[in-house]
Amino acid sequence: LLRRFGKERCRVVTYGKDCKDANEQLQKYGVESLQICLQQAPECPLEGVVTVEDVKDELYELFENGLQPGLSIGYDNLDPYLTLETGRLCVVTGIPGCGKSEFMDQIVINMILKHGWKTAYFSPENLPVQRHYAKLAEKLTGKIFKKGNTSMDEYREVCVFLKENVFSIGPKEGYRVDSILSRARELVRRNGIKMLVIDPYNRLEHQFENGEKETTYISRFLDKLTNFAISTD
């Protein structure tokens, strides 16, 4: 009804105890009570419009405590310079072969262990996926992922841990960012992931609009990722 009539024309009424509609409110509590319910019914928030009332709790927390740092990534020498929080886009850059992916994998393991951040990967450079899971297992245990170095009990524990906390996205319809974000949105809903890792940027199927410059496309691409991070927290 809100969608069809338009939110700007509607209010949502809350009735009294054990009343499912206006008629029951009228019968049980009288005309004046129903009039109060109608008068006090708040207007529907307009999509894309925010007022102080909508963020009053967050605003008071900021007033009370000031701007707080994000979560530790598990390294004392980096925490003064870099912390993480949900709703953000983080870009990791560097020359080829300098260890970006290895560093990100370690941060992922740290964030799961320290803060319970379940993570989804789109990582075509880490195929087949079992090799990637093996690399994550080594960071988790600190041991070579091979029988004799890692015990069977450790192997079983690692498998349970990775099953519950790490998900690999490989959309059949191609490596387009919209397909990846669609799968990630489902993983937010179904499994509660807190982090999405896209590695690397240059393996995506980039879709330029007619006549679009690369800098304009990159800006639009980063906006899409930022909006996804905000909307899914």
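What counts and what doesn't
Residues numbered from 1 in each chain as written. Predicted model: local features only at pLDDT ≥ 70, side-chain atom pairs only at ≥ 80, totals over all residues. Heavy atoms only, no water. Core = buried A, V, L, I, M, F, W, Y, C linked by side-chain atoms within 4.5 Å. Buried < 20%, exposed > 50% of the residue type's maximum accessible area, 1.4 Å probe, protein only. Helix = DSSP H or I, 4+ residues; strand = E, 2+ residues; numbered from the N terminus. Contact = heavy atoms within 4.5 Å. 1 Å grid on protein atoms, 1.4 Å probe; cavity = no way out; pocket = protein on both sides within 12 Å on 5 of 7 lines; lining within 4 Å. Points joined across faces, edges and corners; volume = space filled by probe spheres on them. Nonpolar A, V, L, I, M, F, W, Y, C, P; charged D, E, K, R; others polar. Pairing = 2+ DSSP bridges. Axes fitted to C-alpha atoms, helices over the stretch in contact; angles between N-to-C directions. Parallel < 35°, antiparallel > 145°, perpendicular 65-115°, else oblique.

Before going further, it helps to examine the nonpolar core. Of all hydrophobic cores here, the largest spans 18 residues; its most connected members are V108 and M111. Every element with two or more residues in this core is listed here: helix 5 (100-115), helix 6 (129-141), helix 7 (152-165) and strand 3 (195-198). Here the element with the most residues in this core is helix 5; it accounts for six residues. In this view, V108 contacts T119, Y121, M195 and V197; residues no more than four positions away in its chain are not counted. Judged by nonpolar contacts, the second largest core, of 15 residues, contains I169, L181, L187 and F221.

This part takes up unusual backbone geometry. Along the chain, L127 connects to P128 via a cis peptide bond; the corresponding omega equals 0°. Tracing the backbone through its elements, the reader meets P128 in the loop between strand 1 (119-122) and helix 6. Positioned with a positive phi, D18 is a non-glycine residue whose angle comes to about 65°. Its identity is not glycine, yet D233 carries a phi of approximately 55°, on the positive side. Position of D233 among the secondary structure elements: in the segment after helix 9 (214-232).

Attention now goes to the layout of surface pockets. Approximately 1,300 Å³ is the volume found for the largest pocket. If you go around the largest pocket, you meet 43 residues; those closest to its centre are L89, C90, V91, V92 and I198. Put simply, the parts of the chain that give the lining of the largest pocket at least two residues each are helix 5, strand 3 and helix 9. Sort the elements by how many residues they give to the lining of the largest pocket and helix 9 lands first, with seven residues. For the lining of the largest pocket, the class distribution of residues is 26 nonpolar, nine polar and eight charged.

Moving on, we get to the sheet that holds strand 3. In space, the three strands of this open sheet follow the order 2-1-3, with parallel pairing throughout. The open sheet has two edge strands with one neighbour each: strand 2 (166-168) and strand 3. Averaged over all adjacent pairs, the angle separating strand axes in this sheet is 20°, with direction ignored. As defined by bridge partners, strand 1 adjoins strand 3 across four bridges and the pair is classed as parallel. Opposite T119, over in strand 3, you have M195 as the bridge partner.

On to the environment of N110, then. Examined against the element boundaries, N110 turns out to sit in helix 5. By relative accessible area, which is 12% here, N110 ends up buried. In sequence terms N110 and L204 are 94 residues apart; their C-alpha atoms lie 26 Å from each other. Setting aside residues no more than four positions away along its own chain, N110 makes contact with I73, G74, Y75 and H115.

Turning our attention to the packing of helix 2 (residues 22-29) against helix 3 (residues 31-40). Packing of helix 2 against helix 3 brings their axes to within 7 Å, and their N-to-C directions diverge by 140°. Our classification of the angle between helix 2 and helix 3 gives oblique. Within the contact between the two elements, helix 2 uses A22, Q25, L26 and Y29 and helix 3 uses V31, S33, L34 and C37. Here the contact of helix 2 with helix 3 is built from residues that sort into six nonpolar, two polar and no charged.

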